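# Understanding the architecture of this molecule
Take a look at the letters that make up each chain.
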Amino acid sequence: LATSRTDQEQVNIARFRLAYAYFLQEKYLEAGVMAGYVAHKYHADAPEVAVESAYIALAAFDRMFYDADPDHREFEMQQVMDVARFIAETWPDSDRAIDARMAVARIFRQTNEPAQAAEWYAQVPSISKQYADAQLSAGQSYWNAYLTQAALPDEERPPADELSAWKLKAEEHL
């Protein structure tokens, strides 16, 4: 057990390993909560452990999302979004931030929210190895948003300027 004299970094590494063990046991909520705690509380003091903990939290909540009933995934989606935003804001150019953006974009794409997917794909920085794929996916998602919304009846269709913006963004990314 840890005491007041125990090195805090060692305690955080133990917490990270516990979160990973929970993940391997498919206890995704426990993994996400434990890893999220380490990531949020110690991101300034132990950034290496914190970023990896945040990534475990993202993976755990992502698995929870895909395991959940498709009609009742609001909680899981909110957890994925919160962790992804935290990673992207705290370590914006890291590989983990890029993976977080791509994970959220895929969720939006699979839940038929192409405009939101495109926004997340478009956030992948140009220095990333995944930049070209992200740009292509952003363009396809904007185009999908344009086509599906333009086909709606007039009373359900978004304003023409919004449709035009999606079309223009699709052209820019493709």
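The following refers to the structure shown. Model, not experiment: these values are computed from the prediction.

Okay, the pattern of salt bridges next. Applying the stated criterion across every chain yields a total of three salt bridges. Across the pair Asp82 and Arg85 runs a salt bridge whose closest N-O atoms are separated by 3.9 Å. Highlighted residues: Asp82 and Arg85, both in helix H4 (residues 74–90), separated by three residues, approximately one helical turn. Residue classification places Asp82 among the partly exposed positions, given a relative accessible area of 35%.

Buried residues of helix H6 (residues 114–122): Pro114, Ala115, Ala117, Ala118, Trp120 and Tyr121, and no others. Summarising the contacts, the buried residues of H6 are in contact with H4, helix H5 (95–110), helix H7 (131–150) and helix H8 (160–173).

Attention now moves to the environment of Glu113. Looking at the element boundaries, Glu113 is found in the loop between H5 and H6. For Glu113, a relative accessible area of 33% corresponds to the partly exposed category. Considering only alpha carbons, one finds Glu113 and Glu9, 104 residues apart in sequence, at a separation of 41 Å.

Note on placement: Asn12 falls in helix H1 (residues 8–24). Judged by relative accessible area, which is 2%, Asn12 ranks as buried. Excluding anything up to four places from it in sequence, Asn12 contacts Val38, Tyr42 and Val49.

With that settled, consider the nonpolar core. In this structure, Leu58, Val80, Ile87, Trp91, Val104, Phe108 and Trp120 are the most contacted members of the largest nonpolar core, which totals 38 residues. Those elements giving two or more residues to this core turn out to be H1, helix H2 (28–42), helix H3 (47–67), H4, H5, H6 and H7. Take this core: its biggest share by element is 10 residues, from H3. The contacts of Ile87, once residues within four sequence positions are left out, are Ala54, Tyr55, Leu58, Pro92, Arg96, Ala97 and Ala100. If you look at the next biggest cluster of nonpolar residues, it comprises eight residues, including Ala118, Tyr146, Trp166 and Ala170.

In this structure, His173 sits in helix H8. Accessibility expressed as a relative area gives 17% for His173, which makes it buried. Only 2.6 Å separates the side chain of His173 from the side chain of Gln135, close enough to count as a polar contact. Excluding anything up to four places from it in sequence, His173 contacts Ala122, Gln135, Leu136, Ala138, Gly139 and Tyr142.

All right, on to the packing of H2 against H3 then. At their nearest, the axes of H2 and H3 sit 7 Å apart, and the two run at 150° to each other. Here H2 lies roughly antiparallel to H3, going by the angle between them. For the element pair H2 and H3, the recorded crossing hand is left-handed. On H3, the residues that touch Tyr28, Leu29, Ala31, Gly32, Val33, Ala35, Gly36, Val38, Ala39 and Tyr42 of H2 are Pro47, Val49, Ala50, Ser53, Ala54, Ile56, Ala57, Ala60, Phe61, Arg63, Met64 and Asp67. Its residues assigned to classes, the contact of H2 with H3 comprises 17 nonpolar, three polar and two charged.

Thresholds, definitions, all that
Residues numbered from 1 in each chain as written. Predicted model: local features only at pLDDT ≥ 70, side-chain atom pairs only at ≥ 80, totals over all residues. Heavy atoms only, no water. Salt bridge = Lys/Arg side-chain N within 4 Å of Asp/Glu carboxyl O. Helix = DSSP H or I, 4+ residues; strand = E, 2+ residues; numbered from the N terminus. Buried < 20%, exposed > 50% of the residue type's maximum accessible area, 1.4 Å probe, protein only. Contact = heavy atoms within 4.5 Å. Core = buried A, V, L, I, M, F, W, Y, C linked by side-chain atoms within 4.5 Å. Polar contact = N/O pair within 3.5 Å; in protein donor to acceptor, adjacent residues only side chain to side chain. Axes fitted to C-alpha atoms, helices over the stretch in contact; angles between N-to-C directions. Parallel < 35°, antiparallel > 145°, perpendicular 65-115°, else oblique. Left-handed = near helix turned anticlockwise from the far one by under 90°. Nonpolar A, V, L, I, M, F, W, Y, C, P; charged D, E, K, R; others polar.

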